[in-house]
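Chain and residue survey
So the chains spell out like this:
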Amino acid sequence: MMEKPVSERAHTEWRVTPVGAGPVARRVVLGIVTVVTLLFLVAPLALIVSSALSQGVGVFVRSLSDPGTQHAIWLTVITALIAVPMNILFGLAAAWTVTKFVFPGRTLLIALIELPYSISPIVAGVAYLFVYGSQGLFGPVLDYFGLKVMFALPAIVLASMFVTAPFVARELIPLMQVQGTDEEEAAVTLGASGFATFWRVTLPNVRWAMLYGAILCNARVMGEFGAVSVVSGNIRGQTTTLPLQIELLYQDYNVAGAFAAATVLTAVALVTIVIKVVLERIGRETDVPLARPPGH
Amino acid sequence: MRRSVIPGFGLALGITFLYLGAIVLLPLCALILKASDVGLAQFWGIMSSPRTLSALRVTVTMALAATAFNAVYGLLLAWVLARYEFPGKRLLDALVDVPFALPTAVAGLALTALFSKNGWFGAPLDALGLQVAYTPLGIAIAMAFTSIPFVVRTVQPVIEDLGSDVEEAGRSLGANDFQILWRVIFPAIFPAFLAGCSLSFARSLGEFGAVIFIAGNQPMKTEIVALLTFIRLEEYNYEAAAAIAVVMLLMAFTMLIITNAVQAWHLRYLGRGDA
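This text gives an overview of the structure that appears in the document.

Criteria and cut-off values
- Residues numbered from 1 in each chain as written.
- Chains lettered and ligands numbered in written order.
- Predicted model: local features only at pLDDT ≥ 70, side-chain atom pairs only at ≥ 80, totals over all residues.
- Heavy atoms only, no water.
- Helix = DSSP H or I, 4+ residues; strand = E, 2+ residues; numbered from the N terminus.
- Contact = heavy atoms within 4.5 Å.
- Areas by Shrake-Rupley, 256 points an atom, 1.4 Å probe, with all protein chains shown as cover.
- Lys, Arg positive; Asp, Glu negative; His and termini not counted.
- Charge placed at Lys NZ, Arg CZ, Asp CG, Glu CD.
- Buried area = accessible area lost by both parts, 1.4 Å probe.
- Salt bridge = Lys/Arg side-chain N within 4 Å of Asp/Glu carboxyl O.
- Polar contact = N/O pair within 3.5 Å; in protein donor to acceptor, adjacent residues only side chain to side chain.
- Nonpolar A, V, L, I, M, F, W, Y, C, P; charged D, E, K, R; others polar.
- Buried < 20%, exposed > 50% of the residue type's maximum accessible area, 1.4 Å probe, protein only.
- Core = buried A, V, L, I, M, F, W, Y, C linked by side-chain atoms within 4.5 Å.
- Patch = residues over 30% accessible without salt bridge, like charges linked within 9 Å, V, L, I, M, F, W, Y side chains within 5 Å.
- Expected span 1.5 Å × (residues − 1).
- Bend = angle between axes of the 7 residues up to and from the residue.

So, about the overall build of chain A. From N to C terminus, chain A includes 13 helices and 0 strands. In chain A, the succession of α and β elements from N to C terminus is α-α-α-α-α-α-α-α-α-α-α-α-α. Counting only contacts in chain A whose residues sit at least 6 apart along the sequence, the fraction spanning at least 24 positions is 73%. Taken as a whole, chain A presents about 12,900 Å² of accessible surface, with 66% of it coming from carbon and sulfur. Across chain A, 18 positive and 17 negative side-chain charges occur, with their mean positions spaced 7 Å apart.

Below is the structure:
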């Protein structure tokens, strides 16, 4: 069953006071939530900014221009530039497969697409080691040809793709299911090629949801820690992505440096949330609501 | 398969299978293959060692504690967002996404600094004799932080969709607020609530980045299973790493089956409401 579009939801008109709307109940519940949210969600954000700047802007800028941190930023960006487009391609293909066609095993395929959500990133990292590591399935072959996958960029990208595989697909599937196949069928009947149908009919209908999935995917790729820390080997100045660099600096008791690096990722997170809010509004206005699946 | 006029089935299915196969299924198969090499006796030895058992116990107990906290706070947060209008509501709604958007390593770093002995919260708590950083309590806090949006985002749309008619009927039959809450509203949101809680618990079991900063990582005391797996790898003890990772994978599958069953129930529930 699909979530109903906002416009079709039953408009609730209250004839009596709804539960919890009384002034006392309202004040108590709102008070508790506000206090806990300030302590639990706002304080960590405030602390990151305040710690990064606590020793002055000079130290902050110098920390960010540290060669190790610079390299980590570059590696993180490269990883995202490869992993996110791959995930968009996969998301489009997967959503197209399971929403435009009916075939046996469709439900199983949807479950498989969502599988990485439930697996710990550490398990994903360990699993990759047993494929491409020297102890792994392909290790000897890769060694023979002198190819390096493990403890290098390819493994970082692969592990990032594993943990974010469902991100774009999960946004597209509910939306494309609601939209059905009528428009595509009309286009094909009128003689449009498969590609033209996809490009002119399907893609414009799902572009905001696709962008939304890609933005979330990007934030997760840039912030992934567990899976990447296993497969990257954590070689200083070579395979440390930004989250790993934060841990290295922290272990070196360079707390100012760690927080400076953390502000970069915090900025990515905040921008992600702002774009999400904007895209949700666009979705409401164009009456193509973005899916709000549980949990991400 | 029903014939469709839309082309591209083969290509799209091909890309989907290739990607899933190479990126998701191949590594999982390799892991299971490696673990199956270990042998039952050795596997049992690894899993029943005091250190593994302690890590499992710490992880499961603290994940339960984190889920319990999220159940209460998440439900209240969802209620506030769905039912009340107040200044700053948009901001609160956006804040719920912080734990998912913020990298876990950053969250871990920030929570550790907050709760360490001279931190904003750590200093006053220390004066009261309560230590959070480098104790199991810190682990639970890190787990709760990273998984709070699961409960909120599963329950919130269900409360929003709740019609006024049942509640008004209850009221006209003479029920008080508490009775309506307990007998009418809670049963309607319970399946979604349960689904959100199981997602939160599953995520907490596997959390790594946020936890290892604040945990202190003392073997037998504040070491989680994910970290133990990582340590076994660094010791080149691949058998142990594979064995523990497979157990974590099994726990994830179990939670996946439970969550799916709960969600199926939740959808049936919604379906009946619509009819």
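What follows concerns the interface of chain A and chain B. Listed as interface residues are 97 residues of chain A and, on the opposing side, 104 residues of chain B. When chain A packs against chain B, the two sides together hide about 9,000 Å² of surface, and 77% of this comes from carbon and sulfur. When the buried area of chain A at its contact with chain B is split by residue, A:Val19, A:Phe40 and A:Phe130 rank highest and sum to 9% of it. In this structure, the salt-bridge partner of B:Asp97 is A:Lys276, at a minimum N-O distance of 2.6 Å. One can count 12 residue pairs in polar contact (both at pLDDT 80 or more) joining chain A with chain B. With 19 residues, helix H1 (residues 23–53) of chain A is the single largest residue contributor to the side of chain A that touches chain B. Within the side of chain A that touches chain B, the residues separate by chemical class into 66 nonpolar, 18 polar and 13 charged.

Let's shift gears to the environment of B:Gly138. All names here are of chain B. Among the secondary structure elements, Gly-138 is positioned in helix H8 (residues 136–161). Assessed through its relative accessible area of 0%, Gly-138 is described here as buried. Spatially, the C-alpha atom of Gly-138 lies 9.2 Å from that of Thr-222, the residues being 84 residues apart in sequence. Contacts of Gly-138, omitting those with residues within four sequence positions, involve Val-132 and Ile-214.

For the rest of this paragraph, the subject is the nonpolar core. Of all hydrophobic cores here, the largest spans 190 residues; its most connected members are A:Ile113, A:Tyr128, A:Phe162, A:Leu172, B:Leu31, B:Leu102 and B:Phe115. No other element matches helix H3 (residues 50–83) of chain B, which puts 14 residues into this core. Apart from residues lying up to four places away in sequence, A:Ile113 is in contact with A:Phe90, A:Ala94, A:Val98, A:Pro166, A:Ala169, A:Ile173 and B:Leu20.

Looking now at a nonpolar patch on the surface. All names here are of chain A. A cluster of nonpolar side chains, namely Val-77, Leu-81, Ile-82, Met-86 and Leu-153, defines an oily patch on the protein surface of about 390 Å² accessible area. Examining the composition of the nonpolar patch, we find that 4 residues originate from one element, helix H3 (residues 67–100), more than from any other. Since its relative accessible area comes to 30%, Leu-153 is described here as partly exposed.

Here the focus is the side chain of B:Lys89. Residue and element names in this part refer to chain B. Summarising the element assignment, Lys-89 is placed in helix H4 (residues 89–95). Residue Lys-89 is classed as buried on the basis of its relative accessible area, which comes to 17%. When near neighbours in sequence (up to four residues on either side) are disregarded, Lys-89 contacts Leu-81 and Tyr-84.

Residue and element names in this part refer to chain A. Summarising the element assignment, Asp-143 is placed in helix H6 (residues 139–145). Assessed through its relative accessible area of 54%, Asp-143 is described here as exposed. Spatially, the C-alpha atom of Asp-143 lies 9.4 Å from that of Gly-133, the residues being 10 residues apart in sequence.

Glancing now at H8(B). Residues and elements named next belong to chain B. For H8, with 26 residues, the first-to-last C-alpha span of 38 Å sits near the 38 Å given by 1.5 Å per residue. The sharpest bend along H8 measures roughly 45 degrees and falls at Ser-147, with the proline Pro-149 sitting one to four residues further on. Of all the 26 residues making up H8, 22 are buried; the element is thus mostly covered by neighbouring parts of the structure.

Further remarks concern the pattern of salt bridges. As enumerated under the stated definition, the model contains 14 salt bridges over all chains in all. Linking A:Lys100 and A:Glu184 is a salt bridge whose minimum nitrogen-to-oxygen distance equals 3.1 Å. Placement of the pair is A:Lys100 in helix H3 and A:Glu184 in helix H9 (residues 182–189), with a sequence separation of 84 residues. For the pair A:Lys100 and A:Glu184, one class covers both residues: buried. The closest approach of N and O atoms between A:Arg236 and A:Asp252, which form a salt bridge, is 3.1 Å. In this pair, A:Arg236 is assigned in the loop between helix H11 (226–231) and helix H12 (242–251) and A:Asp252 in the loop between H12 and helix H13 (255–285), connecting sequence segments 16 residues apart. Take A:Asp252: its relative accessible area is 39%, and that puts it in the partly exposed class. What you see here is one network of salt bridges that share partners, running through A:Lys276, A:Glu280, B:Asp93, B:Asp97 and B:Arg153.

In short, shape yes, function no, at least from these values alone.
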